[in-house]
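Descriptive structure summary
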Amino acid sequence: MPIFEYRCRECGEQFECLILRSSGPPRCPVCDSRELEKLISLHVVSSDYTRKRARQSARAHASGIRREKQHEDHKELHEHLTEDH
Ligand SMILES: [Zn+2]
């Protein structure tokens, strides 16, 4: 569902408005003005961005653990080999 952010030109109120096809043009909830400036919905963009970032960092974290684990295994193997000698 598209949520748009508007700023009222009359009173400067900023608000988010869910735009439905059935609903008419949005009005300012404070002064009921229709002189609205449509803003880019930063809320939607930023939440999408953080979701992507979270996924990326989770993946990076997981691969970091894997790399550490491999390193540990290798070290253990090395230690065992030196013990045998
Ligand atoms: Zn207003």
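Predicted model, so just to flag it, every value in this text is computed and none were measured.

Glancing now at the pattern of salt bridges. For the structure shown, the criterion picks out 3 salt bridges. Measuring nitrogen to oxygen at the nearest pair gives 3.2 Å for the salt bridge that ties Glu-37 to Arg-7. Here Glu-37 is found in strand S3 (residues 36-39), whereas its partner Arg-7 is found in strand S1 (residues 3-8), with 30 residues between them in sequence. On the basis of relative accessibility, which here comes to 27%, the residue Glu-37 falls in the partly exposed class. Via salt bridges that share partners, Arg-7, Arg-9 and Glu-37 belong to a single interconnected network.

Right, let's get into the confidence of the model for the protein chain. Summary statistics for the protein chain give a mean pLDDT of 77 and a share of 69% for residues scoring 70 or more. By mean pLDDT, the top-scoring element of the protein chain is S3 (91), and the lowest-scoring one is helix H1 (residues 42-84) (68).

With that settled, the discussion passes to the nonpolar core. The biggest cluster of nonpolar side chains holds 6 residues, and these are Tyr-6, Cys-8, Phe-15, Cys-17, Cys-28 and Leu-36. Within the residue set of this core, elements represented by two or more residues are S1 and strand S2 (14-18). If we ignore the near neighbours within four places in the chain, the residues touching Cys-8 are Glu-13, Cys-28, Cys-31, Ser-33, Glu-35 and Leu-36.

Right, let's get into the coordination of the zinc ion. Coordination sphere of the zinc ion, protein contribution only: Cys-8 (SG), Cys-11 (SG), Cys-28 (SG) and Cys-31 (SG), at 2.2 to 2.3 Å. For the zinc ion, the 4 donor atoms in the first shell make angles of 103 to 120° at the metal, a pattern classed as tetrahedral. Site description for the zinc ion: donor spacing in sequence, C-x2-C-x16-C-x2-C. Its relative accessible area of 2% is what places Cys-28 among the buried residues. Owing to a relative accessible area of 34%, Cys-31 belongs among the partly exposed residues under this scheme.

Right, let's talk about the pairing of S2 for a bit. Covered by surrounding structure in S2 are Phe-15 and Cys-17 only, the residues Gln-14, Glu-16 and Leu-18 on the alternate face being uncovered. Judged from the 5 bridges that link them, S1 and S2 form a sheet pairing that is antiparallel. Paired with Ile-3 across the strands is Leu-18, a residue of S2. What sits between the antiparallel neighbours S1 and S2 is a turn of 5 residues, in which Gly-12 has the positive phi angle 80°.

On to the sheet that holds S1. Strand pairs in the sheet, formed through backbone hydrogen bonds, run parallel or antiparallel to each other. The strand order across the open sheet built from 3 strands is S2-S1-S3, with neighbouring strands paired in antiparallel fashion. With one partner strand each, in any of the chains shown, S2 and S3 form the two edges of the open sheet. Across the sheet, the axes of successive neighbouring strands diverge by a mean angle of 40°, strand direction being ignored.

Cut-off values and rules
Residues numbered from 1 in each chain as written. Predicted model: local features only at pLDDT ≥ 70, side-chain atom pairs only at ≥ 80, totals over all residues. Heavy atoms only, no water. Salt bridge = Lys/Arg side-chain N within 4 Å of Asp/Glu carboxyl O. Helix = DSSP H or I, 4+ residues; strand = E, 2+ residues; numbered from the N terminus. Buried < 20%, exposed > 50% of the residue type's maximum accessible area, 1.4 Å probe, protein only. pLDDT = per-residue confidence, 0-100. Core = buried A, V, L, I, M, F, W, Y, C linked by side-chain atoms within 4.5 Å. Contact = heavy atoms within 4.5 Å. Donors = N, O, S within 2.8 Å, 3.2 Å for Na, K, Ca; no water. Tetrahedral: all angles 85-135°; square planar, octahedral: opposite > 155°, others 65-115°. Pairing = 2+ DSSP bridges. Axes fitted to C-alpha atoms, helices over the stretch in contact; angles between N-to-C directions.

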